[in-house]
Amino acid sequence: MYGQPNVTPSPTPRVIALLIAERDDAHELARHAEDVLNETFARAPAQAGPPDVLAVCVTRRYDPQLVESLLRLALRTIVAVTVPDLRAPVQAADLASVLERTLAAQALGPHDFVCAPASALGEEVAGRLAAACGGVAFGRIQQFGFDHPGAHAHRTVFGGRASVRVQARTGPWFGGLRAQPGSANKPSAVPGATVLREEASVPHDADEITLLPADAGRRPVETARVVVSGGRGMQGAEGFALLEQLATRLDGAVGGSLPAVDAGWVPVTHQVGQSGKFVSPEVYVAVGISGTPQHLAGIGSATRIVAINNDEDADIFRAADLGIVADWHTFVPALIARIDAARCADAGSR
Ligand SMILES: Cc1cc2nc3c(=O)[nH]c(=O)nc-3n(C[C@H](O)[C@H](O)[C@H](O)COP(=O)(O)OP(=O)(O)OC[C@H]3O[C@@H](n4cnc5c(N)ncnc54)[C@H](O)[C@@H]3O)c2cc1C
């Protein structure tokens, strides 16, 4: 249940943004806070006014710049929890045990909506917390709102091509929020917002999860704004090294189709599709991928698809917003060279 709160649960709806990520990436953490705020303000009933939004941020070290950037947002309270002994790779069980205590201290109650990011990590943490706090797990959501009494959320189904409305009368409610593009509405900062600093440690008796070496240091596909994916048409690991170079230049992550994973060219944690990860970046670059329904099921409907394939009849072109009929052996190195040249010219003109 809710633990031993040292303050009384709030009787009015409250939104709690969980700012957690695989790495202490201040940009990613602040972006999730903005997503939660935009979603909260977009759907708040005019007569009642928007609910309070509280952010709980978990990092290994206290980051004053991150707190500074959070103070510029419409957050009423910022709880900055530092956990120096957080394991790498970060584990959902550790975060959940830390957050369970922090949420109890913040008097988590039946009117609170807790929003983790819509990453594999965020969703697992949200699910664990819902179980530990006796709350309701909504899963991956795109929208949420309060119903007086109760709360609802919109969940995507069928690979993001449809959505269903789920509701529950009593919270706390938990979801992994993937904000919809275009919902930004820039609420202003709250004067006199409170910053609370906490130090925590994790019990290291939980089951240790060892990440496959191939995955270490790779940017996760679920949270990237650009995903560059390769398929069987990449013909080997060398092709994927080139995709890695392209992804780095686009500040993106590398993904792959099932055959590419089976061949060992990309780790299984980066497989996109029905039996892999669901991704909804702004841009998805599919190279040497034919575009089967099982692969496309892993790509959000709002994502722009750029396809590079040497078969002009490939199905991927039916789903693509931009299709390039080309052999990647020539096109991808040329694209990388073009990006580098444009950046050089840009740097030279400053
Ligand atoms: C239950 C089930 C679950 C599945 N889950 C998934 C899943 O999660 N993810 C997934 O991806 N698949 C999944 N599959 C497999 C799926 O059915 C396809 O087999 C798979 O998506 C095909 O992958 P591909 O596009 O990489 O390969 P292919 O279909 O073989 O396509 C390769 C493409 O590369 C192009 N190409 C070749 N050479 C070049 C070149 N030099 N330059 C440019 N283009 C080139 C070809 O024209 C072709 O279009 C699943 C299947 C089942 C039955």
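Residues numbered from 1 in each chain as written. Predicted model: local features only at pLDDT ≥ 70, side-chain atom pairs only at ≥ 80, totals over all residues. Heavy atoms only, no water.

Caption draft 1: Spotlight on the overall build of the protein. Looking only at helices and strands, the protein features nine helices and 14 strands. The buried share of the protein, taken over its 350 residues, is 48%. When the accessible area of the protein is evaluated, it comes to approximately 16400 Å², of which 52% is carbon and sulfur surface. (Helix = DSSP H or I, 4+ residues; strand = E, 2+ residues; numbered from the N terminus. Buried < 20%, exposed > 50% of the residue type's maximum accessible area, 1.4 Å probe, protein only. Areas by Shrake-Rupley, 256 points an atom, 1.4 Å probe, with all protein chains shown as cover.)

Caption draft 2: Local environment of the pairing of strand β3 (residues 77-82). For β3, a buried count of six out of six residues is recorded, marking the element as mostly surrounded by other parts of the structure. Covered by surrounding structure in β3 are Thr77, Val79 and Val81 together with Ile78, Ala80 and Thr82, the residues of both alternating faces. Bridge count between strand β2 (residues 52-59) and β3: six bridges; the pairing is parallel. Of the residues in β3, the one forming a bridge with threonine 59 is threonine 82. In the classification by handedness, the crossover that spans β2, the intervening helix α2 (residues 64-71) and the parallel β3 is right-handed. Direction of pairing for β3 relative to strand β9 (residues 194-199): parallel, over a ladder of six bridges. Bridge pairing links threonine 77 to threonine 194 in β9. (Pairing = 2+ DSSP bridges. Right-handed = clockwise from strand over helix to strand, strands pointing away.)

Caption draft 3: Structural context of empty space enclosed by the protein. Under the counting rule described, the total for this entry stands at three cavities of 30 Å³ or more. Approximately 150 Å³ is the volume found for the largest cavity. Here the lining of the largest cavity gets five residues from one element, more than from any other, and that element is helix α1 (residues 26-42). Tallied by class, the residues present in the lining of the largest cavity amount to six nonpolar, three polar and four charged. (1 Å grid on protein atoms, 1.4 Å probe; cavity = no way out; pocket = protein on both sides within 12 Å on 5 of 7 lines; lining within 4 Å. Points joined across faces, edges and corners; volume = space filled by probe spheres on them. Nonpolar A, V, L, I, M, F, W, Y, C, P; charged D, E, K, R; others polar.)

Caption draft 4: Seen up close, the packing of α1 against α2. For the pair α1 and α2, interaxial distance at closest approach is 10 Å and the crossing angle is 20 degrees. With respect to α2, the axis of α1 lies roughly parallel. In this structure, α1 crosses over α2, and the sense of that crossing is right-handed. Mapping the contact onto sequence places Ala26, Leu29, Ala30 and Ala33 in α1 and Leu66, Ser69 and Leu70 in α2. Considering only residue class, the contact of α1 with α2 consists of six nonpolar, one polar and no charged. (Axes fitted to C-alpha atoms, helices over the stretch in contact; angles between N-to-C directions. Parallel < 35°, antiparallel > 145°, perpendicular 65-115°, else oblique. Left-handed = near helix turned anticlockwise from the far one by under 90°. Contact = heavy atoms within 4.5 Å.)

Caption draft 5: Spatial organisation of the environment of proline 267. Within the element layout of this structure, proline 267 appears in the loop between α6 (258-262) and β12 (283-287). Residue classification places proline 267 among the buried positions, given a relative accessible area of 8%. It is 8.5 Å that separates the C-alpha atoms of proline 267 and glycine 255, two residues lying twelve residues apart in sequence.

Caption draft 6: Summary view of the nonpolar core. Membership of the largest hydrophobic core comes to 30 residues, with the highest contact counts inside it found for Leu19, Leu70, Leu75, Phe113 and Phe144. Per-element tally for this core: the top contributor is α1, with five residues. Apart from the residues within four sequence positions on either side, leucine 75 is in contact with Leu37, Val53, Leu54, Ala55, Leu70, Val190 and Ala193. (Core = buried A, V, L, I, M, F, W, Y, C linked by side-chain atoms within 4.5 Å.)

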